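The primary structure of each chain is shown beneath.
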Amino acid sequence: MVTLTKEHGAADLDGVTKMGIGASWDTTTGGSGALLGALRKARGTDLDAFAILKSGNEPVRFAGLDVTDPLQNGAVTSTGDNQTGRGDGDDELIEVTFEKIPSHVTSIVFVCAAYKKGSDFKKAANVSFKVYDSTGGAAQQVADIWPSLLGNGNAVAVAKAYRVGTSWKLEVINERGTIKQGDQDSLLRFAVNK
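Right, let's talk about unusual backbone geometry for a bit. Unusually for a residue other than glycine, Leu65 sits at a positive phi of about 55 degrees. Unusually for a residue other than glycine, Asn193 sits at a positive phi of about 65 degrees.

Below you can see the structure in the form of structure tokens.
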């Protein structure tokens, strides 16, 4: 299993017709001990995975939270909102079927954010992303992306898939920043210039 980083540059997605990006995280006490820490860990924390579809540099659609099929054709789908991070495997999954994406969509930026009020990266541990090749129906993990634990902000631009002619490439961004919690415009602006 390879762990993709910025230094790897863009990976060719030739032959990949369907790709998944799964976000997972563990709950943590957030530095609190005793009863407060136990309650925080039991409650879990809510991070959110988004796919922001862009035409040029302009965000035009997004998948995540309760928007599970923004193009209404199965091109980009989200499993929806896991609000705790508890359990094994992916907490949220976004899948992209490249042949169904309209030609004016030139890139897709994958973002993980502590989007809702009260959510915080400090209440999550071991945030990671799995890259799946789902060509042919069965999802097979082909890579990991581990965002840096350092940095400020409540959002991380993880990676982007972008068109090159008739094919696609995947590039790790791994850039932290701050969005206004609960503000969709702030989330979409975060994807600009990525």
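For the coordinates displayed, the defined rule picks out 3 aromatic pairs. For the ring pair Phe50 and Tyr115, a centre distance of 5.4 Å and an interplane angle of 65 degrees mean the geometry is edge-to-face. Highlighted residues: Phe50 in strand 4 (residues 48-55) and Tyr115 in the loop between strand 8 (107-113) and strand 9 (124-133), separated in sequence by 65 residues. A cation over an aromatic ring shows up here: Lys160 above the ring of Tyr162, its NZ or CZ 5.3 Å from the ring centre. Across the ring face of Phe190, the terminal group of Lys194 is positioned such that the distance to the ring centre comes to 4.5 Å.

Per the stated rule, a full pass over the model turns up 4 salt bridges. Here Lys18 makes a salt bridge to Glu95, at a shortest N to O gap of 3.9 Å. Separated by 77 residues along the polypeptide, Lys18 in strand 3 (residues 18-27) and Glu95 in strand 7 (residues 92-97) bring together distant segments of the chain. With a relative accessible area of 29%, Lys18 lands in the partly exposed category. In this structure, Lys116 engages Asp48 in a salt bridge whose closest nitrogen and oxygen atoms are separated by 3.1 Å. Note that Lys116 is positioned in the loop between strand 8 and strand 9 and Asp48 in strand 4, a separation of 68 residues in sequence.

What the 6 strands build is an open sheet, ordered 2-12-11-8-4-5; its pairing is antiparallel. The outermost strands of the open sheet, each flanked by one partner alone, are strand 2 (11-12) and strand 5 (58-63). Against the sheet, helix 2 (residues 184-191) contacts strand 4, strand 5, strand 8, strand 11 (155-164) and strand 12 (167-177), and its axis sits at roughly 65 degrees relative to strand 4.

Along the chain, the position of Asp90 falls in the loop between strand 6 (76-78) and strand 7. Exposure remark for Asp90: the relative accessible area of 25% places this residue in the partly exposed category. On a C-alpha basis, the gap between Asp90 and Ser24 in space is 4.8 Å, while along the polypeptide they are 66 residues apart.

Turning to the side chain of Glu92, a few remarks are in order. Relative to the elements of secondary structure, Glu92 occurs in strand 7. Buried and without a salt bridge, Glu92 has Lys116 as its closest oppositely charged side chain, separated by 6.0 Å. A polar side-chain atom of Glu92 sits 2.9 Å from the main-chain amide nitrogen of Ala49.

Reading the values: the criteria
Residues numbered from 1 in each chain as written. Predicted model: local features only at pLDDT ≥ 70, side-chain atom pairs only at ≥ 80, totals over all residues. Heavy atoms only, no water. Phe/Tyr/Trp six-rings, centres within 6.5 Å; stacked < 30°, edge-to-face > 60°. Helix = DSSP H or I, 4+ residues; strand = E, 2+ residues; numbered from the N terminus. Lys NZ or Arg CZ within 6 Å of the ring centre and 35° of its normal. Salt bridge = Lys/Arg side-chain N within 4 Å of Asp/Glu carboxyl O. Buried < 20%, exposed > 50% of the residue type's maximum accessible area, 1.4 Å probe, protein only. Pairing = 2+ DSSP bridges. Contact = heavy atoms within 4.5 Å. Axes fitted to C-alpha atoms, helices over the stretch in contact; angles between N-to-C directions. Lys, Arg positive; Asp, Glu negative; His and termini not counted. Polar contact = N/O pair within 3.5 Å; in protein donor to acceptor, adjacent residues only side chain to side chain.

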